[in-house]
Amino acid sequence: MIVNAIRKATFEHPFAVWGLALGFTGPLLVLTVPPIRDAMGYQAPNAIPESYPLPKRARRPTTGFED
């Protein structure tokens, strides 16, 4: 009975059926992709530096037009 209703809806309202199908795949992928990635040996990339390393010396002030 449900199958017949879905089949009828695919012909009469294909945009709604495809929208629901794509909407349900998002949460499904959240649950299935991480275990698959772990099984394939995926390693997370290194973290991106958040600041530029400062030199380990005294900072001299700028004079004139040195910037």
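Conventions we followed
- Residues numbered from 1 in each chain as written.
- Predicted model: local features only at pLDDT ≥ 70, side-chain atom pairs only at ≥ 80, totals over all residues.
- Heavy atoms only, no water.
- Helix = DSSP H or I, 4+ residues; strand = E, 2+ residues; numbered from the N terminus.
- Rg over C-alpha atoms; globule rule 2.2 N^0.38 Å.
- Buried < 20%, exposed > 50% of the residue type's maximum accessible area, 1.4 Å probe, protein only.
- Areas by Shrake-Rupley, 256 points an atom, 1.4 Å probe, with all protein chains shown as cover.
- Lys, Arg positive; Asp, Glu negative; His and termini not counted.
- Charge placed at Lys NZ, Arg CZ, Asp CG, Glu CD.
- Expected span 1.5 Å × (residues − 1).
- Bend = angle between axes of the 7 residues up to and from the residue.
- Phe/Tyr/Trp six-rings, centres within 6.5 Å; stacked < 30°, edge-to-face > 60°.
- Lys NZ or Arg CZ within 6 Å of the ring centre and 35° of its normal.

Run through the overall build of the protein chain, naming residues and quoting values.
Scanning the protein chain for helices and strands turns up two helices and zero strands. Here the C-alpha atoms of the protein chain give a radius of gyration of 28 Å, more than 25% beyond the 11 Å that 2.2 N^0.38 yields for 67 residues. Taken along the three principal axes of its C-alpha coordinates, the protein chain extends 80 × 35 × 10 Å. Residues counted as buried form 0% of the 67 residues belonging to the protein chain. When the accessible surface of the protein chain is summed, it comes to about 7,200 Å², and 67% of that surface belongs to carbon and sulfur atoms. Averaging the positions of the 7 positive and the 5 negative side-chain charges in the protein chain gives two centres separated by 4 Å.

If you had to explain helix 2 (residues 14-39) to someone new, which residues and values would you point to?
Across its 26 residues, helix 2 extends 36 Å between first and last C-alpha, which sits within 8% of the 38 Å expected from 1.5 Å per residue. Of all the bends in helix 2, the greatest measures close to 35° and is centred on Leu-29.

Mind laying out the packing of aromatic side chains, listing which residues take part and the relevant values?
This model, assessed by the stated rule, comprises zero aromatic pairs. Across the ring face of Tyr-42, the terminal group of Arg-37 is positioned such that the distance to the ring centre comes to 4.2 Å.

So what about the environment of Arg-37? Which residues, and what values?
By the secondary structure assignment, Arg-37 is in helix 2. With 17 residues separating them along the chain, Arg-37 and Leu-54 place their C-alpha atoms 37 Å apart.

Which residues make up the environment of Gly-26, and what values do they have?
As for its placement among the helices and strands, Gly-26 is situated in helix 2. Residue classification places Gly-26 among the partly exposed residues on the basis of a relative accessible area of 34%. Considered as a pair, Gly-26 and Pro-45 are 19 residues apart in the sequence and their alpha carbons are 24 Å apart.

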